[in-house]
Amino acid sequence: SRQTATYLNKQTSLQPQLIVVSPLRRAIQSALIAFPTQTPMTCLANTPWICHPHVMESANGNKSEFVSDGAVLRDMFPGVEFGLLDRWVEREFAGSVEKMNGKEKVP
């Protein structure tokens, strides 16, 4: 969150040990904006970035956005680990993001 990112600054000397993001592109983009000094591939502290499908927004059991394929997200966001997303899509949707995205979308 922005509040957490503001708190983790030069005055406090606190650094995140792990950054977990949703598989939604806008969520990953927001995290990159919120933690500009901790971005994957450029952070000197090597803070791991992990994409976790279970932190994706939902309402009434329905996901709120369309999820991109892990390969597409890897190209867009190098340094973020997408293995959990790949395994979840394989297990829950037979490896097809299209099947997942075909479910009802929250208006």
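Just above sits the structure.
What counts, and at which threshold
Residues numbered from 1 in each chain as written. Predicted model: local features only at pLDDT ≥ 70, side-chain atom pairs only at ≥ 80, totals over all residues. Heavy atoms only, no water. Helix = DSSP H or I, 4+ residues; strand = E, 2+ residues; numbered from the N terminus. Contact = heavy atoms within 4.5 Å. Areas by Shrake-Rupley, 256 points an atom, 1.4 Å probe, with all protein chains shown as cover. Core = buried A, V, L, I, M, F, W, Y, C linked by side-chain atoms within 4.5 Å. Buried < 20%, exposed > 50% of the residue type's maximum accessible area, 1.4 Å probe, protein only. Patch = residues over 30% accessible without salt bridge, like charges linked within 9 Å, V, L, I, M, F, W, Y side chains within 5 Å. Salt bridge = Lys/Arg side-chain N within 4 Å of Asp/Glu carboxyl O. Pairing = 2+ DSSP bridges.

Trainee: Help me understand the overall build of the chain in this model?
Mentor: Helix and strand content of the chain: 5 helices and 5 strands. In the chain, once contacts between residues fewer than 6 apart in sequence are set aside, the share between residues at least 24 apart is 68%. A total accessible area of about 7,000 Å² is found for the chain, and carbon and sulfur atoms account for 53% of it.

Trainee: I would appreciate a short explanation of the nonpolar core in the present structure.
Mentor: Side chains of a nonpolar character, in soluble globular proteins, are inclined to be buried together. Judged by nonpolar contacts, the single largest core of 18 residues is most densely connected at Val 21, Trp 49, Val 80, Phe 82 and Leu 85. For this core, the secondary-structure elements that each account for two or more residues are strand S1 (19-21), helix H2 (25-34), strand S2 (49-51) and helix H4 (83-93). Per-element accounting of this core gives the leading share, 4 residues, to H4. Not counting the four nearest positions on each side in its chain, Val 80 is found in contact with Val 21, Pro 40, Trp 49, Ile 50 and Cys 51.

Trainee: For this particular structure, what's the right way to read a nonpolar patch on the surface?
Mentor: Together, Leu 18, Val 20 and Val 55 give the surface a local cluster of nonpolar side chains, amounting to about 240 Å² of exposed area. Looking at where Val 20 falls in the secondary structure, it is placed in strand S1. Owing to a relative accessible area of 41%, Val 20 belongs among the partly exposed residues under this scheme.

Trainee: What should I look at first to understand the pattern of salt bridges in this one?
Mentor: A side chain with one charge may pair with a side chain of the opposite charge, provided their charged atoms come close. Across all of its chains, the model carries 1 salt bridge by this definition. Residue Asp 86 pairs with Arg 74 through a salt bridge whose shortest N-O separation is 2.2 Å. Linking Asp 86 in helix H4 with Arg 74 in helix H3 (residues 70-76), this pair joins segments that are 12 residues apart in sequence. On the basis of relative accessible area, Asp 86 is assigned to the partly exposed category, the value being 32%. Under the relative-accessibility criterion, Arg 74 is labelled partly exposed at 32%.

Trainee: Got a minute to help me understand the sheet that holds S1 in this structure?
Mentor: In a beta sheet, neighbouring strands are held together by backbone hydrogen bonds and run either parallel or antiparallel to one another. An order of S1-S2-S5 is seen for the 3 strands of this open sheet, with the pairing classed as parallel. Taken across any chain shown, the strands that pair with only one partner, and hence form the sheet edges, are S1 and strand S5 (80-81). Of the pairings in the sheet, the one linking S2 to S5 comprises 2 bridges and is parallel in character. If you follow Ile 50 over to S5, its bridge partner there is Glu 81.

Trainee: Help me understand the environment of Val 21 in this model?
Mentor: Checked against the element boundaries, Val 21 lands in strand S1. Owing to a relative accessible area of 4%, Val 21 belongs among the buried residues under this scheme. Along the chain, Val 21 and Phe 82 lie 61 residues apart, while their C-alpha atoms are 9.9 Å from each other. Once you skip the residues sitting within four places of it in the chain, Val 21 turns out to touch Ile 28, Ala 31, Trp 49, Ile 50, Cys 51, His 52, Val 55 and Val 80.

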